[in-house]
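Notes for the structure review
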Amino acid sequence: MSETLFEKIINREIPADIIYEDDLSIVIKDIHPQAPTHLLIIPKKVIPKLSDSSIEDQEVLGHLMLVAGKVAEQLNLDNTFRIVINNGAKAGQSVFHLHLHLLSGRSLNWPPG
Ligand code: AMP
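Attention in this report is confined to the structure presented alongside it. These numbers were taken from a predicted model, which means no experiment stands behind them. (Residues numbered from 1 in each chain as written. Predicted model: local features only at pLDDT ≥ 70, side-chain atom pairs only at ≥ 80, totals over all residues. Heavy atoms only, no water.)

1. Details of the pattern of salt bridges
Worth spelling out the cut-off: Any carboxyl oxygen of Asp or Glu that lies within 4 Å of a side-chain nitrogen of Lys or Arg is treated as forming a salt bridge with it. What counts as a helix is a DSSP run of H or I of at least four residues, what counts as a strand is a run of E of at least two, and both are numbered from the N terminus. We call a residue buried when its accessible area falls under 20% of the maximum for its residue type, exposed when it is over 50%, and partly exposed in between, using a 1.4 Å probe and counting protein chains only.
Applying the stated criterion across every chain yields a total of 6 salt bridges. With its nearest N and O atoms 2.9 Å apart, the salt bridge here joins Lys-44 to Glu-21. With Lys-44 in the loop between strand 3 (37–43) and helix 2 (58–74) and Glu-21 in strand 1 (residues 18–21), this pair connects stretches of sequence that are 23 residues apart. Given a relative accessible area of 27%, Lys-44 falls into the partly exposed group. Of the charged contacts, one joins Lys-49 and Asp-52 as a salt bridge, the two residues approaching to 3.3 Å between their closest N and O atoms. We classify Lys-49 as partly exposed; its relative accessible area is 24%.

2. A look at unusual backbone geometry
The peptide bond linking Trp-110 to Pro-111 adopts the cis configuration, its omega dihedral lying at 0 degrees. Along the chain, the position of Pro-111 falls in the segment after strand 5 (100–104). The phi dihedral of Asn-79 is positive, around 55 degrees, even though this residue is not glycine. Within the secondary structure, Asn-79 is located in the loop between helix 2 and strand 4 (82–84). Overall, the relative accessible area of 78% leaves Asn-79 in the exposed class.

3. A word on the layout of surface pockets
Basically, it comes down to this: For each structure, a 1 Å grid was placed over the protein atoms alone; sets of points admitting a 1.4 Å probe that cannot get out are labelled cavities, open sets with protein on both sides within 12 Å along at least five of seven lines are labelled pockets, and lining residues have an atom within 4 Å of a point. Grid points are joined across faces, edges and corners, and a volume is the space filled by probe spheres set on the points. Ten residue types, Ala, Val, Leu, Ile, Met, Phe, Trp, Tyr, Cys and Pro, are classed as nonpolar, four, Asp, Glu, Lys and Arg, as charged, and the remainder, Gly among them, as polar.
Taken as a whole, the largest pocket holds about 720 Å³ of empty space. Forming the walls of the largest pocket are 32 residues, and the residues nearest its centre are Asp-30, Gln-34, His-38, Asn-86 and His-101. Elements supplying a minimum of two residues to the lining of the largest pocket: helix 1 (5–10), strand 2 (25–29), strand 3, strand 4 and strand 5. Partitioning the lining of the largest pocket into residue classes produces 15 nonpolar, 12 polar and 5 charged.

4. Some thoughts on helix 2
The line we're drawing: Each residue after the first adds 1.5 Å to the expected span of a helix. As used here, the arc belongs to the directions running from the helix axis to the C-beta atoms.
A rise of 1.5 Å per residue sets the reference length of helix 2, with its 17 residues, at 24 Å; its end C-alpha atoms lie 25 Å apart and thus fit the reference within 8%. Every buried residue of helix 2 is listed here: Val-60, Leu-64, Val-67, Ala-68, Val-71 and Ala-72. Taken around the axis of helix 2, the buried residues stretch over an arc of 130 degrees, which confines them to a single face. Pointing more than 90 degrees away from the buried face of helix 2 are the exposed residues Gln-58, Glu-59, Met-65, Leu-66 and Glu-73.

5. Remarks on the site of the ligand
Filter applied, for reference: Neighbouring residues are identified by heavy atoms, a residue being near a molecule or strand if any of them is within 4 Å of it. Here a polar contact means two N or O atoms within 3.5 Å. Within protein one must be a hydrogen donor candidate and the other an acceptor candidate, and residues neighboring in sequence count only if both atoms are side-chain atoms. Note on areas: Shrake-Rupley, 1.4 Å probe, and residue coverage restricted to the protein chains presented here.
Around the ligand, 16 residues are found, and the nearest of them are Asp-30, Asn-86, Gly-92, Ser-94 and His-101. Interatomic distance of 2.5 Å between a side-chain N/O atom of Asp-30 and an oxygen atom of the ligand. Contacts to the ligand include His-101, whose side-chain N or O atom sits 2.8 Å from an oxygen atom. When the ligand is considered free in solution it has 500 Å² of accessible area, and contact with the protein chains removes 84% of it. For the shell around the ligand, the secondary structure elements donating two or more residues are helix 1 and strand 2.

Below is the structure:
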């Protein structure tokens, strides 16, 4: 299997604006931001999409949520942000390596488009 785009970023094969990293995850700035703050919270384990995850991924999935909260706190986002996971091409997923979008810094409509 060829490396995913995000594996190449994790392995420093292509550059990215990395704002946080630990054993299980990495957080980068989205290259095409949809809000003043638009981060991607990415597990180092390659899970193509959320619906491919299983009970053995429980720790890493929970970890991603905790990292989202921690990074939001560090960036002083005023406890105001949205987490999005696009699951599948028809839901807008373009990179098939699970990631959470964290969006903040502008009004966010509901329901999302
Ligand atoms: P999704 O469409 O949910 O799979 O999200 C993939 C995201 O990755 C999009 O918001 C893209 O803008 C973003 N993206 C694509 N290439 C890069 C890159 N080289 N560095 C940072 N973000 C990227």
